[in-house]
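Chain by chain, the residues:
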Amino acid sequence: MSPWLPFEWIAASRFLREGRLQSIAIVLGVSIGVGVIVFMSAALSAQMTNIIRRVLSSQPHIVLLPPKDVARPLRDEPGVAAAAIVQKPFQRVRSIDQWQRILRETAAMPAVAAAAPMAAGSALAVRGEATRSVTLSGIEPEAYFRIVPLPEKIASGSLRLGAEDVIVGTELAADLGVVVGDKLRIVPASGQGTALTVTGLVDLGSKGANQRAAYVALHTAQSLLGLTGGASSIEVTVRDIYAAEDVALAITAGSGLQAESWIRTNSQFFTAINAQRVANTAIRVFVALAIALGIAAVLIVSVVQKSREIGILRAMGASQGQILRVFLIQGAALGLVGSLFGCVIAAAAIALWERLVVDSAGVPLLAIGYDPLIFAGAALIASLTGLASAVLPAMRGARLDPVVAIRG
Amino acid sequence: MADEVLRIEGLRKAYNAGTPLETEVLHGIDLRLGKGEFCALMGPSGSGKSTLLNIVGLLDRPSAGQLYVEGEGAVGLDERAITRLRGRRIGFIFQYHHLLPAFTALENVFMPMLLERGRPDAEMRKRAQQLLESVGLGQFRDRLASQLSGGQQQRVAVARALAMRPALLLADEPTGNLDTASAQGVFDLMRAVNREHGTAVLLVTHNHELAAQCRRLVEIVDGRITADRALGAAG
C-alpha cells in the first residue's frame, strides 16, 4: 500500500488497479482523443498562422492616411447661392500633418509591433519604348522591413536603397526587360523624372503586386512626388492581428487620421479566417465531448460493479463525501493520465508529420511546431473533463443505500 | 439493565409504505441487550430477522419505534451522525464476508479505522496486526482478501468487526457458508471476543448447534418475537 496516503487516494488507486482492463481501455480512449485534439489543434492553428502569415506578410496590418479631403460648400451665407450638386473632391497625394510625432506616438503604443513612414504615389517606369505604371513606395528600409520582410522576398540583387536606387517587382522587371544593375527612369504623374539603378528584384507572391512594385528611398520618393519632408502614410504592424481593428480605432481617436486595418481592407479574408476559427473550436468541443462521455460511461459501469464494495465501505463507516471523492479522484486520474499519453501521441504524430509531409528539399510543407499552450490546455481540459464526468457516477455511488448495495 | 448496549422499543418496518403494496415485516419489536450478552436470534426465512439486524446495525431505518445504542438515540439522526455512530459503536459480520477484494487482509482490518481517521497511521496498522494474529491469520496480512479461503475471509471479517472496539457485534449468519469446522472456529472466535472484551453479540443463525451454545436465544416469527429465553450454555 502506498504508505500514508489518505483513504480516498488509496481506495481510488485500488479500484483503478482492480479494474485494470477498464482503466487501460479508458486511458487509451482518452489518450487517442487528446492526441487527436492536440494534433488537430496544432495543425489547424499552424495552418491558419501560415495562411495569415503568407497573406499579411506583404502588407501592413494598419495603414494610417491623412484625413480625406471633403467638399465644404458654402451654404446659407448671405448673398451666396447654394450649389445644387456637391462634387466629391479628388484625393491629392498629401503628407500627414506632423507625421514624425504621430509615428513616434504610434510606435510607442503597447499593441503596436512596428511602424514606418511611407511616401507613396503613382508613377511611370520608363525604359526605352516600354512604359509601365507603378506604385512608387518611398520607404525607410530599416523600419519598413519590420513590417514587410522584403529581405525574405528578394529574388535577385540586394536590398541596397541609396538615393539613386530602386527595387522593383519581378514581373515589372520582366515587362521592362531590366535586370539588376540596369537603369530605369521613374517619372511621376507631374514633374520631372529621374533615372535610378535597379539594385534588387523582389517577389511579393502575387503577380499583380509584382507588376507594380517599385521601392525607393523615402527622400527619393518625397522629391519625385512633391512631398518634400512628408509621408503620405504610416504603415503599422500590430502584435495581435485580431486586435488590428481596435488599434486602428484607437489611433483614429487619438490622431484624427484615417486608420485602415487589414480586417477592413480584407474583410472577405477575415471572414474566412473567422469561420475557420469557429470550425476549429467546434471540432475541439465535439472531441472533448466524446472523451467526456467515454470517461463517464466507464465510471458509471465501475460504480455499478463496485456497488457492493461501496455498500461495505458505507457499512464500515465511510461517509458519502469519502465515497464521492474516491470516484472523483478516479475520474480526474483517468483524465490526467490519458491526457499525458495523448500529448505524447500528439507529439509523435507532429514529429512524424514534419518528417514525412515534406517538399522535395525536405522542408516540411506545414511546420506545425509544439505549442506548449495547446498541450497544456488539452491536458487540463481532459483532466477537468474526467473530473466532471465522474461527478454523476460519484454521486450515484455516494447515494447508494448500503443495505441494497450489500445484498446486490 | 445497568450496562445497556442496545434498547429497541416498538420497532416497526414496512416496505412500500403508503402504497397498495405496503407490507409490514416487523410488527413492533422490543428488545434489550446488556453489556457482555451473547444472544442468538433465530427464525424461519422471511421472518424479518435480517431486516431487524440491518436496522439495529443502522444500515436501514425503521418505519416507527425507538432504537438506542449505548443509550444514544439513533432514530432521526442525520446521515452523517448515523454513519459515525455505526462506525464507532457497531461491528458487523455478514453472511458473505464482505471484504474488499482489492485490499489486503491487513488493510481490510484497519479499514474502519482508516475511514474514521482519514489516513493510515502506525497505530492502526499495529492494532490491525494484533487483531489478525488474534484470529490466527497474522502471516496472511499482505495477502489480498480475494486470495484467502472462505474460513480465512470470515475470520478476517471478525477481526475487522472488532477494529473499532465496538460495544455491539452484529453477525448475520456468519457461518452460513462455512464447513462445520470453520463455522465452529469462527463461532469460538466470537465467543472469545465476547468473553475477553465484554462485547455484546447478536447473532442471527439457522444453525441450532451453534445457537445452543449461546447464553440467550430470541426467536422471531412473522415479524414478532415469539420466544426469549436464557440458555444454560456457559459463556
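Keep in mind that what you see is a predicted model, and the values were worked out from it rather than measured.

Caption draft 1: Looking closely at the overall build of chain B. Looking only at helices and strands, one finds seven helices and 10 strands in chain B. Counting over 235 residues, chain B shows a buried share of 55%. Sequence separation of at least 24 residues holds for 68% of the intrachain contacts in chain B that already meet a minimum separation of 6. Carbon together with sulfur atoms contributes 46% to the accessible area of chain B, which is approximately 9800 Å² in total.

Caption draft 2: Local environment of the layout of surface pockets. All names here are of chain A. Each pocket or cavity is described by its volume, and for the largest pocket that value is around 840 Å³. In this structure, the largest pocket is lined by 37 residues; those nearest its centre are Val63, Met118, Ala120, Thr135 and Glu235. In terms of residue class, the lining of the largest pocket is made up of 17 nonpolar, 13 polar and seven charged.

Caption draft 3: Summary view of the pattern of salt bridges. Residue and element names in this part refer to chain B. Going through the model one piece at a time under the given rule, you end up with 23 salt bridges over all chains. Note that Arg117 and Asp121 form a salt bridge whose closest N and O atoms lie 3.3 Å from each other. Take Asp121: its relative accessible area is 24%, and that puts it in the partly exposed class. Here Arg141 and Asp142 are joined by a salt bridge, their closest N and O atoms 3.5 Å apart. Of the residues examined, Asp142 reaches a relative accessible area of 54% and is grouped as exposed. Look at the salt bridges and you will find they share partners, linking Glu4, Arg7, Glu9 and Arg32 into a network.

Caption draft 4: Quick look at the pairing of strand S1 (residues 4-15) of chain B. Residues and elements named next belong to chain B. Both S1 and strand S2 (residues 23-34) contribute to a ladder of nine bridges, which runs antiparallel. Considered in S2, the bridge of Leu6 is made with Leu33. Across five bridges, the pairing between S1 and strand S4 (residues 64-69) is antiparallel. From the neighbouring strand, Arg7 faces S4, where its bridge partner is Tyr68.

Caption draft 5: Structural context of the interface of chain A and chain B. Every contact between the two is made by 29 residues of chain A and, on the other side, 28 residues of chain B. Together, the buried faces of chain A and chain B total about 2500 Å²; carbon and sulfur atoms form 64% of this surface. Taken together, the connections running from chain A to chain B amount to two salt bridges. A salt bridge links Arg314 of chain A to Glu79 of chain B; the nearest nitrogen and oxygen atoms lie 2.5 Å apart. For the interface between chain A and chain B, the tally reads six residue pairs in polar contact (both at pLDDT 80 or more). Every element with two or more residues in the side of chain A that touches chain B is listed here: helix H1 (7-18), helix H12 (307-315), helix H13 (320-356) and helix H15 (402-407) of chain A. Examining the composition of the side of chain A that touches chain B, we find that seven residues originate from one element, H1 of chain A, more than from any other.

Caption draft 6: Molecular detail of the sheet that holds strand S5 (residues 72-73) of chain B. Residues and elements named next belong to chain B. Taking strand neighbours across the sheet as the criterion, the four strands line up as S2-S1-S4-S5 in an open arrangement whose pairing is antiparallel. Two strands in the sheet have a free side with no partner beyond their single neighbour: S2 and S5. Here helix H1 (residues 49-56) sits on the sheet in contact with S1, S2 and S4, set at roughly 125° to S1.

Caption draft 7: View of the packing of H1 of chain A against H13 of chain A. Residues and elements named next belong to chain A. The contact between H1 and H13 brings their axes to 8 Å, and the two run at 55°. The pairing of H1 with H13 is recorded here as oblique in orientation. Our pair here, H1 against H13, has a crossing hand that is right-handed. Side by side, H1 and H13 meet where Phe7, Glu8, Trp9, Ala11, Ala12, Phe15 and Leu16 of the first sit next to Gln322, Arg325, Val326, Ile329, Gln330, Ala333 and Leu334 of the second. Its residues assigned to classes, the contact of H1 with H13 comprises 10 nonpolar, two polar and two charged.

Caption draft 8: Region of interest: the nonpolar core. In this structure, Leu313 of chain A together with Met111 of chain B are the most contacted members of the largest nonpolar core, which totals 66 residues. Ranked by residues supplied to this core, first place goes to helix H3 (residues 105-117) of chain B with eight residues. When neighbours within four sequence positions are excluded, Met111 of chain B is seen to be in contact with Phe7, Leu313 and Met316 of chain A together with Leu100 and Phe103 of chain B. In this structure, Met48, Ala125, Ile234 and Ile241 of chain A belong to the second largest nonpolar core, which totals 50 residues.

Caption draft 9: The arrangement of a nonpolar patch on the surface in detail. Taken together, Leu28, Ile32, Val36, Met40, Ile283 and Ile345 of chain A make up a surface patch of nonpolar side chains, about 470 Å² in accessible area. Inspection of the secondary structure puts Ile32 of chain A in helix H2 (residues 20-56).

What counts and how
- Residues numbered from 1 in each chain as written.
- Chains lettered and ligands numbered in written order.
- Predicted model: local features only at pLDDT ≥ 70, side-chain atom pairs only at ≥ 80, totals over all residues.
- Heavy atoms only, no water.
- Helix = DSSP H or I, 4+ residues; strand = E, 2+ residues; numbered from the N terminus.
- Buried < 20%, exposed > 50% of the residue type's maximum accessible area, 1.4 Å probe, protein only.
- Contact = heavy atoms within 4.5 Å.
- Areas by Shrake-Rupley, 256 points an atom, 1.4 Å probe, with all protein chains shown as cover.
- 1 Å grid on protein atoms, 1.4 Å probe; cavity = no way out; pocket = protein on both sides within 12 Å on 5 of 7 lines; lining within 4 Å.
- Points joined across faces, edges and corners; volume = space filled by probe spheres on them.
- Nonpolar A, V, L, I, M, F, W, Y, C, P; charged D, E, K, R; others polar.
- Salt bridge = Lys/Arg side-chain N within 4 Å of Asp/Glu carboxyl O.
- Pairing = 2+ DSSP bridges.
- Buried area = accessible area lost by both parts, 1.4 Å probe.
- Polar contact = N/O pair within 3.5 Å; in protein donor to acceptor, adjacent residues only side chain to side chain.
- Axes fitted to C-alpha atoms, helices over the stretch in contact; angles between N-to-C directions.
- Parallel < 35°, antiparallel > 145°, perpendicular 65-115°, else oblique.
- Left-handed = near helix turned anticlockwise from the far one by under 90°.
- Core = buried A, V, L, I, M, F, W, Y, C linked by side-chain atoms within 4.5 Å.
- Patch = residues over 30% accessible without salt bridge, like charges linked within 9 Å, V, L, I, M, F, W, Y side chains within 5 Å.

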